Amino acid sequence: MKITLSKKIMGYLLIIFIVLSLSGFILAQVVTNIYVLISVLVITFIIFAVMLFHFFDKYIKPIEKASWTMDKLLQGNYYARVNQEMNGTIGELSGKINTLAKNLSKLTIQEQIQAEQLSTIIENSESALVLIDEKGYIHIVNRKFLSVFGKTSQAYVGYIYYDVIDHEAIHHTVQETFLYEKRVKETFSITHNDEKTYLELVGAPIFNERKMLKGAVLVIYDITEFKHIELMRKDFVANVGYELQAPIKSIKADAEKLQNHTSIDDISKDTLIKIIYEESTRIEMLLDDLLILSNLEKDETKLHLRTVKTGEMIDDILPSIQEKAEKKDILISVEASREIEFTADEEKVKQILFNLMMNGITYTPEQGEVKLEIHSNGDNIRFKVSDNGIGISKHAIPRIFERFYRVDKDRSINTNGTGLGLAIVKHIVEVHNGEIQVDSELEHGTSFTIDIPKSQTVNATSTKRIGKEHSHDKQSSND
Ligand code: ADP
């Protein structure tokens, strides 16, 4: 800019020089004193030159600078500024250009921040995301998409979706989204390394300000966990139905006999009534256990935490266990530090010990032994319930905490087991942030060891969701 400016000044100076020279030439005809004429012409030239410089500096240069700044702004350089200090209208114009430039650069920074935020959200989204334009070309795929479907973003971006994405369900969803111009939902599954992943696909159309379709965004959610929960629920309902079927059928059949056979003798009548009573007790036990489980699983289940003393707890539970043990002539032995204090939901911990000791008695032949040990184990309190009973086979151990699982279904029916006792134990241990371990040897016996932290954070664990089956339990078997 400096060069063009000085070139322009030089041009004007040349014109002045030529005009003055011509005037000097004409005046030389009439003016006798040539020295006076030259002096006047030189002085005139100097005055013109000074005026020209002043005019350029004050008016032309700032306008040129303002115009240069505007050019830069138009080119997208919002950091360009008019740096000259000026007064008057030109100064005002420069000030306004600078303010405009500042606002534009602020807007660009905001836009950049928003774009960065958006791309961070898209990149870190837990759902897979694809952006497709109205011609079917992929513009964006996020990290989650790549982790689910493999390959790199270069393998997708810039290509037509059906050339680079193999899944029929995705093609179908894109086509329907474009066709109906509304949200489309579909579920499908993919298998990778023998692992099945269930996905929910939502396609949403994108419109411009004139409501014209500009493309579609596909969001893909991993719903494998929900599917498993759904499956578990279905299994659960089927199991409950199955468990209730036998006793209810038996009650109904016996009741019919009582109703229809009027000539039935008193002994048979008593037997039928006894069976009805036993079967209804079985249903009652099952419903009780189901209620306990359902209460444990409810989000709002609160642990009633308080300080528990081992001695008092043992005194509370032993009488109910002794009664059953005596019937089978089983020795109950207790080896416990009675003075240990710990924070827990006392009723629930009692339920653990009750269930484990009752199982010990059930699955131990007559004249066997069931032992309860309670000791401190660092920050934990350790409960161990062991028996010298029938034991559990190695392959069955990983499944014993599942609802309704019984090692030997027929045998368990005879023992009146509901198949829910250990599931309840495991849940209670989990809500207390504890761990459970099983050791068993067939024909030699079984022991359950539970560690629970002595101090619990009030209600922090109480609303915790119960994890998947077997998430905390450790098993070992020596058979
Ligand atoms: P159940 O009501 O049938 O006892 P549980 O959930 O308490 O149900 O136990 C599940 C299964 O684990 C039982 O059916 C039984 O086969 C096995 N089991 C539990 N405790 C013992 C034990 N102490 N000794 C041998 N087997 C056991």
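Residues numbered from 1 in each chain as written. Predicted model: local features only at pLDDT ≥ 70, side-chain atom pairs only at ≥ 80, totals over all residues.

Novice: What exactly am I supposed to notice about the overall build of the protein chain here?
Specialist: Of the regular secondary structure elements, the protein chain holds twelve helices and 13 strands. C-alpha extents for the protein chain along the principal axes are approximately 165 × 60 × 40 Å. The buried share among the 479 residues of the protein chain stands at 21%. A sequence separation of at least 24 residues applies to 62% of the contacts in the protein chain between residues at least 6 apart. (Helix = DSSP H or I, 4+ residues; strand = E, 2+ residues; numbered from the N terminus. Buried ≥ 20, exposed ≤ 12 C-beta atoms within 10 Å, placed from the backbone. Contact = placed C-beta atoms within 7 Å.)

Novice: How should I be thinking about helix α10 (residues 346-362) in this particular structure?
Specialist: Because an α-helix completes one turn every 3.6 residues, residues spaced three or four positions apart along the sequence face the same direction. Between its first and last C-alpha, α10 extends 24 Å over 17 residues, near the 24 Å set by a 1.5 Å rise per residue. Among the residues making up α10, those that are buried are Lys348, Val349, Ile352, Leu353, Asn355, Leu356, Met357, Asn359, Gly360, Ile361 and Thr362. (Expected span 1.5 Å × (residues − 1).)

Novice: Looking at this structure, how should I read the site of the ligand?
Specialist: Among the 22 residues in the neighbourhood of the ligand, the closest are listed as Tyr363, Arg406, Val407, Gly417 and Gly421. Of all the elements, helix α12 (residues 421-431) adds the most residues to the shell around the ligand, at three residues. (Near = placed C-beta within 6 Å.)

Novice: When you look at the environment of Tyr78 in this model, what are you seeing that I'm missing?
Specialist: Mapped onto the elements, Tyr78 comes out in the loop between α2 (34-74) and α3 (88-124). Taking the C-alpha atoms as reference points, Tyr78 and Thr457, separated by 379 residues in sequence, lie 56 Å from one another. Beyond its immediate stretch of four places on either side in the chain, Tyr78 contacts Leu73, Ala101, Leu104, Ser105 and Thr108.

Novice: Explain the nonpolar core here, please?
Specialist: Counting 35 residues, the largest nonpolar core has Ile352, Leu353 and Val425 as the members making the most contacts within it. Where this core is concerned, the elements lending two or more residues are α9 (310-327), β8 (341-345), α10, β9 (369-377), β10 (380-387), α12 and β12 (445-453). For this core, the element with the highest residue contribution is α12, accounting for seven residues. Apart from the residues within four sequence positions on either side, Val425 is in contact with Ile352, Asn355, Leu356 and Ile436. Counting 17 residues, the second largest nonpolar core, distinct from the first, contains Ile138, Phe145, Val174 and Leu218. (Core = buried A, V, L, I, M, F, W, Y, C linked by C-beta atoms within 7 Å.)

Novice: Just to check I follow, could you spell out the sheet that holds strand β4 (residues 195-207) for this structure?
Specialist: Adjacent strands of a sheet pair through backbone hydrogen bonds, lying either parallel or antiparallel. A sheet is described by the order of its strands in space; here five strands give the open sequence β2-β1-β5-β4-β3, paired in antiparallel fashion. Edge strands, defined here as strands with exactly one partner in the open sheet, are β2 (138-141) and β3 (184-192). Neighbour-to-neighbour, the strand axes of the sheet open up by a mean angle of 20°, direction not taken into account. When strand β1 (residues 128-133) meets β2, the two strands line up antiparallel, connected through three bridges. Note on β2: the bridge partner recorded for Ile132 is Ile138. Packing against the sheet, helix α6 (residues 168-180) makes contact with β1, β3, β4 and β5 (213-222), and its axis sits at approximately 20° to β4. (Pairing = 2+ DSSP bridges. Axes fitted to C-alpha atoms, helices over the stretch in contact; angles between N-to-C directions.)

Novice: I would appreciate a short explanation of the domain arrangement of the protein chain in the present structure.
Specialist: Size of an interface, as often reported, equals the accessible area lost when the parts are brought together. As assigned here, the protein chain comprises domain 1 (2-113), domain 2 (125-222), domain 3 (227-293) and domain 4 (298-474). Each of domain 1 and domain 3 has a C-alpha centre, and these two points are 106 Å apart. (Domains from an automatic or database assignment.)

Novice: What's the story with α3 in this structure? I'm lost.
Specialist: The terminal C-alpha atoms of α3 lie 54 Å apart, and with 37 residues this matches the ideal 54 Å at 1.5 Å per residue to within 8%. Where burial is concerned, little of α3 is hidden: two out of the 37 residues are buried.

Novice: I tried to follow the packing of helix α8 (residues 266-297) against α12 on my own but got confused; where do I start?
Specialist: Two quantities define a packed helix pair, namely the angle between the axes and the distance from one axis to the other. The geometry of α8 relative to α12 is characterised by a closest axis approach of 10 Å and an angle of 25° between their N-to-C directions. Taken together, the axes of α8 and α12 are roughly parallel relative to one another. Note that α8 runs across α12; the crossing there is left-handed. Side by side, α8 and α12 meet where Asp289, Ile292, Leu293 and Leu296 of the first sit next to Ala423, Ile424, His427, Ile428 and Val431 of the second. (Parallel < 35°, antiparallel > 145°, perpendicular 65-115°, else oblique. Left-handed = near helix turned anticlockwise from the far one by under 90°.)

Novice: Whenever I open this one, the confidence of the model for the protein chain confuses me. Can you help?
Specialist: Reading predicted coordinates in detail is not appropriate for stretches of low pLDDT. With 92% of its residues at a pLDDT of 70 or more, the protein chain has an overall mean of 87. Taken together, the stretch residues 460-474 has pLDDT below 50 and engages in 33 contacts with residues farther than four places along the chain or on a different chain. (pLDDT = per-residue confidence, 0-100.)

Novice: Please explain unusual backbone geometry as it appears in this structure.
Specialist: When glycine is set aside, most residues are seen to have a negative phi, and most peptide bonds are trans. For Glu181, which is not glycine, the phi torsion reads 50° and is therefore positive. By the element assignment, Glu181 lies in the loop between α6 and β3. The phi dihedral of Asp194 falls on the positive side, at around 65°, and the residue is not glycine. For Asp194, the position within the fold is in the loop between β3 and β4. Exposure remark for Asp194: the 5 C-beta atoms within 10 Å place this residue in the exposed category.

Novice: It is not clear to me how the environment of Lys328 should be interpreted in this structure. Could you clarify?
Specialist: Here Lys328 lies in the loop between α9 and β7 (331-336). Along the sequence, Lys328 and Ile361 sit 33 residues apart, while their C-alpha atoms lie 7.8 Å from each other. In contact with Lys328, other than residues within four places in its own chain, are Ile361 and Glu366.

Novice: Is there a simple way to think about the packing of helix α7 (residues 224-260) against α8 in this case?
Specialist: One way to put it is that α7 packs onto α8 with a least axis distance of 9 Å and a crossing angle of 155°. When the interaxial angle is binned, α7 and α8 end up roughly antiparallel. Considering the relative orientation of α7 and α8, their crossing is left-handed. Contacts between α7 and α8 pair Val240, Glu243, Leu244, Pro247, Ser250, Ile251, Asp254, Ala255, Lys257 and Leu258 from the former with Lys269, Leu272, Ile275, Ile276, Glu279, Ser280, Arg282, Ile283, Leu286 and Leu290 from the latter.

Novice: Teacher, can you tell me more about the pairing of strand β11 (residues 435-441) here?
Specialist: Taken residue by residue, a regular strand's side chains alternate between the two faces of the sheet. As paired elements, β11 and β12 share seven bridges and run antiparallel to each other. When the sheet's bridge partners are listed, Ile436 is paired in β12 with Ile450. If you look at the hairpin formed by β11 and β12, you'll find three residues sitting between the two strands, and Glu443 has a positive phi there, around 70°.

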